[in-house]
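Read off the chains here:
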Amino acid sequence: MKQIRLIVFILVALAQLAVPASVVWKRSQTLAHGRVWKFKTEPVDPVDAIRGRYIALRFAAEKAKPTPEPDVAALISPLFVTLKEDAEGFAQVDQITNDRISGDNVIQVENGYWSDGWQRVRFPFDKLWVAEKIAPQAEQAYRENSRRGKENAYVTVRVRNGDAALEELYIDNQPLADYLRAQAAKK
Amino acid sequence: MPGTVNRRAVRWLRGQLPELVAAGAISSENAASIERHYASVETRSNFGFVILATVGAALVGAGIILLIAHNWNDLSRAARTIIAFIPLLLAQALVAFVLLRRNDSRAWREAVAVFDVAALATAISLVSQTYQVQGTFDDFMRIWMILSIPIVYLLRTTLGAIVYVVGAVVWLFDLWSFFGTPESPNFFWIFLLLVIPYLLICYRRNRESSETAALAMVVALASIIALGATADFAKSDLGPFSFAGLMTVIYLCGLRFLPRTDQRLSALAIIGGIGIGVVAIVLSFQSAWHMGHDFNWAGRSFPQNVALAIELIFPIVAVVLSGWDLMQRRARFSIVAAAAPVVAAVTWATVKICNAPGGHVLPADCSFVGAAVFNIYALWLGIDILGRGIGSNSIARANFGLVLIAALAMARFFDSDLSFVTRGLGFILVGAGFLVANVLLFKQRATA
């Protein structure tokens, strides 16, 4: 009886380890080998902005103008979009489809609403976890640099076989941590 | 094995010893040796210690998380990943140790169970943060709970099982409060099914323990909440019928599986009984029978149909349980109370047929019929419970019957356009009924 119990426990323990471990494995593969895309950030509804220890992110590319124009009524979440780069090197949505496609330029998104030739989508990386210590400064820096007239922030996302891993938030072309350090040094 | 005996039974037996000796059934030597045999039972009251150990383990777990959160930002991704796994590995090593060496200590088992489950949550959430994994709270809860439930079985922790059921309810509320397209609550029932075998194990091991009763009660209350969400999601108008079924199942299970030697009812039976009363009163309102949903198979999703099937299970189980006992001629339950799902089913069908398109009856008249049936039923139920209370000399039960009748009367006073004089007279009548019934009951008890 004791032996059976121990064997069952070993299986349970392996399962408990496997869940976080599989996340680590998949994400580290994506971060190591995925294609880099830059997404310009947008202002966030202030009510939504900070929830504990992450920054809520919005992206300019979430307002998509896909070509060819999809049959809007048939779009049901989850959707898949292909990405392309604009003249400045930022990512934009190219096509939207219901079909499960894969590739280093494909991400799965949630459906938003259709308005006036624009399709709103939600990218699967709308939260950036930050350490509690720097969360308030990070939030402020993000807000100041992604408002209209001063759009100076973007994130890099690695995409591999449809898995999108948020890599880094850049403010003023510096990684968040470096930017905050530089700001602190200035004061 | 004094550690595994039922303490309540031992206390009862000890109380009986002087009488048994006096009656000559056993000698005083026998009585003394029985006393000696159970001497250690009372002193081994370690539940308080179990709670303290559990809280201690939880605090240690929380402390580890706080230590890790400190200076988190300066660590590399790889270092953070390794740290996320350390508490989990530590907890798992402790579980293995307890299974091998401290399997008989309840405090050890409960404490390492809490530690392991907390460490698992820590590992998942720290890894998610490190690798910027986005996911909703209910995704997290779901995977966490599925990976935690085996621990309840392996370490035989009833406290853990109760926490697990509460966790399932938290998951449900997180889902339910979601605005927009409602999400399927069906997964809750899988959560609940996963803990039922444990409840049965507890029951077989010690049916009279307060832990078994507490777990059964938590499962019953969670089912009531979840049935509300399920009925809401199924959009089938079957809610009244289904709730009558669930309450009856709880009532019957309380009576059948947790019988008490004295005339009292188990807590589970009380919840079920009160539930049947509440359902009867709610269904005596005409608005409960306005059937708003056009039932259209084509427009229904598969999860909605599963929810519908779940709704139907409870009345069926209720009818089977009561039918079985009736056939065996050992029904201890109130037949009027157990008939609630049948009455609800017949009424539901009548109102549904009456509402059928092309009929000549106004919908308002249909719902009036439904409400009228349940007014009569609620009154009958109240009288029956009152009668059973008087019969078994139980003041609580008799008064519950009266409360039911009074609630019905009050519901009608506020519901209908009666004059103040009529309402006043009604209240006086109900109040007098209470007084007379209680005076009679106490007199009967005094003479008995």
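Rules behind the numbers
- Residues numbered from 1 in each chain as written.
- Chains lettered and ligands numbered in written order.
- Predicted model: local features only at pLDDT ≥ 70, side-chain atom pairs only at ≥ 80, totals over all residues.
- Helix = DSSP H or I, 4+ residues; strand = E, 2+ residues; numbered from the N terminus.
- Contact = placed C-beta atoms within 7 Å.
- Nonpolar A, V, L, I, M, F, W, Y, C, P; charged D, E, K, R; others polar.
- pLDDT = per-residue confidence, 0-100.
- Axes fitted to C-alpha atoms, helices over the stretch in contact; angles between N-to-C directions.
- Parallel < 35°, antiparallel > 145°, perpendicular 65-115°, else oblique.
- Left-handed = near helix turned anticlockwise from the far one by under 90°.
- Pairing = 2+ DSSP bridges.
- Domains from an automatic or database assignment.
- Expected span 1.5 Å × (residues − 1).
- Bend = angle between axes of the 7 residues up to and from the residue.
- Buried ≥ 20, exposed ≤ 12 C-beta atoms within 10 Å, placed from the backbone.

## Regarding the overall build of chain B
Next, step 1: Helix and strand counts for chain B stand at 18 helices and zero strands.
Next, step 2: Within chain B, counting contacts between residues at least 6 apart in sequence, those at least 24 apart form 73% of the total.

## With respect to the interface of chain A and chain B
Size of an interface, as often reported, equals the accessible area lost when the parts are brought together.
Next, step 1: Taken residue by residue, the interface counts 27 residues in chain A and 26 residues in chain B.
Next, step 2: When residues of the side of chain A that touches chain B are traced back to their parent elements, those giving at least two are helix H1 (2-33), strand E9 (127-129) and strand E13 (163-171) of chain A.
Next, step 3: Among the elements that make up the side of chain A that touches chain B, the one with the highest residue count is H1 of chain A (14 residues).
Next, step 4: Taken together, the residues of the side of chain A that touches chain B sort by class into 20 nonpolar, one polar and six charged.

## So, the confidence of the model for chain B
Interpretation of the predicted coordinates at a detailed level should be avoided for regions scoring low in pLDDT.
Next, step 1: Confidence in the prediction for chain B averages 82 pLDDT; 88% of positions are at 70 or higher.
Next, step 2: Under the prediction, the complex receives an ipTM of 0.80, its pTM being 0.77.

## Thoughts on the packing of helix H11 (residues 239-257) of chain B against helix H13 (residues 302-327) of chain B
Packed helix pairs are characterised by how far apart their axes lie and by the angle those axes make with each other.
All names here are of chain B.
Next, step 1: Interhelical geometry of H11 versus H13 gives an angle of 40° and a closest axis separation of 7 Å. Relative to H13, H11 is oriented oblique. In the packing of H11 onto H13, the handedness of the crossing is left-handed. For the pair formed by H11 and H13, the contact residues are Phe-241, Ser-242, Ala-244, Gly-245, Leu-246, Thr-248, Val-249, Leu-252 and Arg-256 on the first element and Glu-311, Phe-314, Pro-315, Val-317, Ala-318, Leu-321, Ser-322 and Asp-325 on the second.
Next, step 2: The residue inventory of the contact of H11 with H13, partitioned by class, reads ten nonpolar, four polar and three charged.

## A short note on the sheet that holds strand E1 (residues 35-42) of chain A
Next, step 1: Spatially, the five strands line up as an open sheet ordered E3-E1-E12-E13-E14 (chain A), and their pairing is antiparallel. Of all strands in the sheet, those bounded by a partner on one side alone are strand E3 (58-59) and strand E14 (174-175) of chain A.

## Some words on the domain arrangement of chain A
All names here are of chain A.
Next, step 1: By the assigned domains, chain A splits into domain 1 (1-33) and domain 2 (34-186).
Next, step 2: Relative placement of domain 1 and domain 2: their C-alpha centres are 31 Å apart.
Next, step 3: The partner domain 2 presents six residues to the six residues of domain 1 that form the contact.
Next, step 4: Here the side of domain 1 that touches domain 2 is composed, by residue class, of one nonpolar, three polar and two charged.

## Quick look at the packing of helix H10 (residues 210-234) of chain B against H11 of chain B
Residues and elements named next belong to chain B.
Next, step 1: Here H10 crosses H11 at 170°, and the two axes come no closer than 10 Å. Compared by their axis directions, H10 and H11 come out roughly antiparallel. Mapping the contact onto sequence places Ala-220, Ser-223, Ile-224, Leu-227 and Ala-231 in H10 and Gly-239, Ser-242, Phe-243, Leu-246 and Ile-250 in H11.
Next, step 2: Counted by class, the contact of H10 with H11 contains seven nonpolar, three polar and no charged residues.

## Quick look at helix H9 (residues 187-205) of chain B
All names here are of chain B.
Next, step 1: The end-to-end C-alpha distance of H9, which contains 19 residues, comes to 29 Å, matching closely the 27 Å that a straight helix rising 1.5 Å per residue would cover.
Next, step 2: Most pronounced at Val-195, the bend in H9 amounts to some 25°, and the proline Pro-197 follows within four residues.
Next, step 3: What H9 keeps buried is the set Phe-188, Phe-191, Val-195, Tyr-198 and Cys-202.
Next, step 4: Looking at the buried side of H9, the elements it contacts are helix H7 (137-154), helix H8 (158-176) and H10.

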